[in-house]
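Residue-level structural notes
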Amino acid sequence: DTGVSQDPRHKITKRGQNVTFRCDPISEHNRLYWYRQTLGQGPEFLTYFQNEAQLEKSRLLSDRFSAERPKGSFSTLEIQRTEQGDSAMYLCASSWSRDRFNYGYTFGSGTRLTVV
Amino acid sequence: QQPVQSPQAVILREGEDAVINCSSSKALYSVHWYRQKHGEAPVFLMILLKGGEQKGHEKISASFNEKKQQSSLYLTASQLSYSGTYFCGTDRSDSGTYKYIFGTGTRLKVLA
């Protein structure tokens, strides 16, 4: 297993355009998380899936953000009508979780988004 | 509300020790520690699952006080490679679902 993969690594887009990122988690993991991280800050929770079910979405997210995880495998994060404030590193992570415990939490390398 | 880490930043000479604390206003069910280098994703260091648990890996160890809702990361005889930002992470229960959040971070710089 090659770990958590994210694609693309970098994305530069014009304000107002839509972008989509992909995350391929570790296959044995049942949870998948999306985070956003800006310079000097810790990862900020966006949303997470348990298998294919999206269990929680941060109230910080506007309606322009949507995430899917069809069939409980890879996940996509789409940002519509991008704004300059969306510029950040978008991190995906997966874990094996049971009840309230996370085991083996692994991050992908992230997608760095720059909105110009 | 995210766990609060202290100190916010620390500068060490190679070979010196450091302690990083993580405190939560809500119950901690488990605590993870990560190190993140500039421009890279966070890297998992260790997990503590129950109160009183202590773990170590080489010269980095951690403890978890479930009652005080605190965890501490101990770095002994620091090396240049220890430089980076350290985050604690924990599962937080909100309305029956568990989401994973990170602490405020501690920037560590080890000088030769």
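Attention in this report is confined to the structure presented alongside it. (Residues numbered from 1 in each chain as written. Chains lettered and ligands numbered in written order. Predicted model: local features only at pLDDT ≥ 70, side-chain atom pairs only at ≥ 80, totals over all residues. Heavy atoms only, no water.)

Across its full length, chain B holds zero helices and eleven strands. Out of the 112 residues in chain B, the part that is buried amounts to 47%. Within chain B, contacts between residues separated by at least 24 positions form 56% of all contacts whose residues are at least 6 apart in sequence. Looking at chain B as shown, the accessible area adds up to about 5500 Å², and 48% of this sits on carbon and sulfur atoms. (Helix = DSSP H or I, 4+ residues; strand = E, 2+ residues; numbered from the N terminus. Buried < 20%, exposed > 50% of the residue type's maximum accessible area, 1.4 Å probe, protein only. Contact = heavy atoms within 4.5 Å. Areas by Shrake-Rupley, 256 points an atom, 1.4 Å probe, with all protein chains shown as cover.)

Another point: the pattern of salt bridges. Residue and element names in this part refer to chain A. A complete count under the given rule lists four salt bridges over all chains for this structure. Two residues, aspartate 86 and arginine 64, come together in a salt bridge whose shortest N-O distance is 2.8 Å. Placement of the pair is aspartate 86 in the loop between strand E8 (75-79) and strand E9 (88-98) and arginine 64 in the loop between strand E6 (53-57) and strand E7 (65-68), with a sequence separation of 22 residues. Grouping residues by exposure puts aspartate 86 and arginine 64 together as buried. (Salt bridge = Lys/Arg side-chain N within 4 Å of Asp/Glu carboxyl O.)

With that out of the way, let us pick up the pairing of strand E7 (residues 60-65) of chain B. In this structure, E7(B) lies alongside strand E8 (residues 70-75) of chain B, joined through six bridges in antiparallel fashion. Bridge assignment links B:Ile60 to a residue of E8(B), and that residue is B:Leu75. (Pairing = 2+ DSSP bridges.)

This part takes up the nonpolar core. If you look at the biggest cluster of nonpolar residues, it comprises 20 residues, and the most contacted ones within it are B:Trp33, B:Leu73, B:Leu75, B:Tyr82, B:Tyr86 and B:Leu108. The next biggest cluster of nonpolar side chains, apart from the first, holds 19 residues, and it includes A:Phe21, A:Leu46, A:Ala67 and A:Tyr90. (Core = buried A, V, L, I, M, F, W, Y, C linked by side-chain atoms within 4.5 Å.)

Moving on to the pairing of E6(A). All names here are of chain A. The pairing of strand E5 (residues 44-50) with E6 spans four bridges and is antiparallel. By the bridge assignment, tyrosine 48 is partnered in E6 with glutamate 56. Here E5 hands over to E6 after two residues, with asparagine 51 in that stretch at a positive phi of 55°.

Another point: the state of the cysteines. Residue and element names in this part refer to chain B. Considering all chains together, one arrives at two disulfides over all chains under this definition. Shown here is the disulfide that connects cysteine 22 with cysteine 88, its sulfur atoms set 2.1 Å apart. The chirality of the disulfide connecting cysteine 22 with cysteine 88 is right-handed, given an S-S dihedral of about 70°. Remark: cysteine 88 occurs in strand E9 (residues 84-94) and cysteine 22 occurs in strand E3 (residues 18-23); sequence separation between them is 66 residues. The class for cysteine 88 is buried, based on a relative accessible area of 0%. (Disulfide = S-S within 2.5 Å.)

Let's shift gears to the packing of aromatic side chains. For the structure shown, the criterion picks out twelve aromatic pairs over all chains. Centroid distance A:Tyr33 to A:Tyr35: 6.0 Å. Interplanar angle 15°. Geometry classified as stacked. Across this residue pair, the class does not change: A:Tyr33 and A:Tyr35 are buried. Taken together, a centroid distance of 6.0 Å and an interplanar angle of 50° make the contact between A:Tyr35 and A:Phe107 tilted. In this pair, A:Tyr35 sits in strand E4 (residues 31-37) while A:Phe107 sits in strand E10 (residues 101-107), placing the two residues 72 residues apart along the sequence. Of the residues examined, A:Tyr35 reaches a relative accessible area of 0% and is grouped as buried. Owing to a relative accessible area of 9%, A:Phe107 belongs among the buried residues under this scheme. In textbook terms, an aromatic cluster arises when at least three aromatic residues are bridged by ring pairs, as seen for A:Tyr33, A:Tyr35, A:Phe45, A:Tyr48, A:Phe107, B:Tyr34, B:Phe44, B:Phe87 and B:Phe102. (Phe/Tyr/Trp six-rings, centres within 6.5 Å; stacked < 30°, edge-to-face > 60°.)

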